[in-house]
Amino acid sequence: MTSKNAAESGDVERRGSVTPDSWADAEARYDALGPTAQAVVREVARAMAFDREEYDERVTGNVVETARQALFAETLAVRVGSRAAFDAWRETYPDDVRVAGSDNVDRVAWHVSPAAGAAVAATFQNEPDAAVATVRRMAFNRLYRERLTTGGAE
């Protein structure tokens, strides 16, 4: 998995660490998070004082899968930078980029997926944490979800 793009400059901050270079990398990372998701859900249920009956009723495979999806998304690498830095990067990026937000704001957060051959971005003015969270949700839902949750081929 890529740790840092050589094109990143001091004008761009990187949050998160995972940028799967291939579908095999993405699938391995997603698969590895299964036991972690189970442990997180189990501990949260324990903290909520679920008894065995309530646990069995409420903690379904879907609940654990949702936790795994959130864990995967939250580790994705997101670049945060100025509009100028994003525009300069985008000029050299050969693949599709989906951008949410306004063209009239000063900052952009974006995730590049070599595995999917695409990127997603969200513009923002003052809330980088919210923009990063938005980009991670967009990336999982638009770039990774179908392939990782169904095992579907490209």
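About the criteria used
- Each residue is numbered by its place in its chain's sequence as written, counting from 1.
- Local features in a predicted model are, by the rule used here, given only for residues with pLDDT of at least 70; side-chain atom pairs are given and counted only at 80 or more, and totals for whole chains, interfaces and linings are based on all residues.
- Think of the side-chain values as coming from all heavy atoms in the structure, minus any hydrogens and water.
- Runs of H or I in DSSP of at least four residues are treated as helices and runs of E of at least two as strands, each being numbered from the N terminus.
- For the exposure calls, accessible area comes from a 1.4 Å probe over protein chains only, and a residue counts as buried if that area is under 20% of its type's maximum, exposed if over 50%, partly exposed in between.
- By definition in these notes, contact holds between two residues if any of their heavy atoms fall within 4.5 Å.
- Throughout, the Shrake-Rupley method with a 1.4 Å probe supplies accessible areas, and for residues the shown protein chains are the sole cover considered.
- Positive charges come from Lys and Arg, negative ones from Asp and Glu, while His and the chain ends are left out of the count.
- Charged groups are reduced to one reference atom each: NZ for lysine, CZ for arginine, CG for aspartic acid, CD for glutamic acid.
- Two rings from Phe, Tyr or Trp (for Trp, the six-membered ring) form a pair when their centres sit within 6.5 Å of each other. Planes less than 30 degrees apart are called stacked, planes more than 60 degrees apart edge-to-face, and all others tilted.
- Under the convention used throughout, the expected extent of a helix is 1.5 Å for every residue step, that is, one less than its residue count.
- Note that bend, as reported per residue, equals the angle between axes fitted to the 7 residues terminating at that residue and the 7 residues originating from it.
- Note on method: axes are straight lines fitted to C-alpha atoms, helices fitted across the in-contact stretch only, with angles between N-to-C directions ranging 0 to 180 degrees.
- An angle below 35 degrees is treated as roughly parallel, one above 145 as roughly antiparallel, one from 65 to 115 as roughly perpendicular, and anything else as oblique.
- Here a crossing is taken to be left-handed if its near helix is turned anticlockwise relative to the far helix by less than a right angle, and right-handed if that turn runs clockwise.
- Under the scheme applied here, ten amino acids are nonpolar (Ala, Val, Leu, Ile, Met, Phe, Trp, Tyr, Cys and Pro), four are charged (Asp, Glu, Lys and Arg), and all others, including Gly, are polar.
- For this analysis, a polar contact is any N or O atom pair within 3.5 Å, provided that within protein one partner can donate a hydrogen and the other can accept it, and provided that sequence-adjacent residues contribute only side-chain to side-chain pairs.
- Note: two strands are recorded as paired if DSSP finds a minimum of 2 bridges between them.

Trainee: Sorry, what's going on with the overall build of the protein chain here?
Mentor: Helices and strands together make up the secondary structure of the protein chain, namely five helices and five strands. Expressed as a percentage of its 154 residues, the buried residues of the protein chain come to 42%. Partitioning the contacts of the protein chain with sequence separation of at least 6, the portion at a separation of at least 24 is 61%. Only carbon and sulfur atoms are counted for the fraction: they give 47% of the accessible area of the protein chain, which is about 8,400 Å². If the 19 positive side-chain charges of the protein chain are averaged to one point and the 25 negative ones to another, these points end up 1 Å apart.

Trainee: Is there a simple way to think about the packing of aromatic side chains in this case?
Mentor: The geometry of two aromatic rings is summed up by the distance between their centres and the angle between their planes. Counted by the stated rule, this structure contains nine aromatic pairs. With a centroid separation of 6.0 Å and 75 degrees between ring planes, the pair formed by W23 and Y144 is classed as edge-to-face. In this pair, W23 is assigned in helix α1 (residues 23–47) and Y144 in helix α5 (residues 128–150), connecting sequence segments 121 residues apart. A relative accessible area of 10% means that W23 is categorised as buried. Looking at Y144, the relative accessible area reads 0%, which means it is buried. Considering the side-chain rings of F86 and W89, the 5.7 Å spacing of their centres and the 35 degrees angle between planes classify their relative orientation as tilted.

Trainee: Teacher, can you tell me more about α1 here?
Mentor: Along its 25 residues, α1 runs 35 Å from first to last C-alpha, staying within 8% of the 36 Å computed at 1.5 Å per residue. At G34, α1 shows its strongest bend, of approximately 35 degrees, with the proline P35 following within four residues. Taken together, the buried positions of α1 are W23, A26, Y30, L33, G34, A37, V41 and A45. As for α1, its buried residues are in contact with α2 (52–58), α3 (61–75) and α5.

Trainee: Would you take a moment to explain the packing of α3 against α5 for this structure?
Mentor: Packed helix pairs are characterised by how far apart their axes lie and by the angle those axes make with each other. Packing of α3 against α5 leaves a shortest axis separation of 10 Å and a crossing angle of 125 degrees. When the interaxial angle is binned, α3 and α5 end up oblique. In the crossing of α3 with α5, the sense of the turn from one axis to the other is right-handed. Together, E65, Q69, F72, A73 and E74 of α3 and R136, F140, Y144, R145, L148 and T149 of α5 make up the contact between the two elements. By residue class, the composition of the contact of α3 with α5 is five nonpolar, two polar and four charged.

Trainee: Just to check I follow, could you spell out the side chain of R136 for this structure?
Mentor: By the element assignment, R136 lies in helix α5. For R136, a relative accessible area of 9% gives the class buried. A polar side-chain atom of R136 sits 3.3 Å from the main-chain carbonyl oxygen of R15. Once you skip the residues sitting within four places of it in the chain, R136 turns out to touch R15, G16, A73, E74, L76 and V78.

Trainee: It is not clear to me how the sheet that holds strand β1 (residues 12–15) should be interpreted in this structure. Could you clarify?
Mentor: Within a beta sheet, neighbouring strands are joined by backbone hydrogen bonds and run either parallel or antiparallel to one another. The five strands are arranged β1-β2-β4-β5-β3 in an open sheet whose pairing can be described as mixed. Strands with a single pairing partner mark the edges of an open sheet, and in this sheet they are β1 and β3 (96–100). Taking the axes of each pair of neighbouring strands and ignoring which way they run, one obtains an average angle of 25 degrees across the sheet. In terms of strand pairing, strand β2 (residues 78–82) meets strand β4 (residues 107–113) through four bridges, oriented antiparallel. Opposite R79, over in β4, you have W110 as the bridge partner. Where helix α4 (residues 83–92) meets the sheet, it contacts β1, β2, β3, β4 and β5 (118–124), and its direction lies at approximately 30 degrees from that of β4. This element, α5, spans β1, β2, β3, β4 and β5 of the sheet and lies at about 155 degrees to β5.

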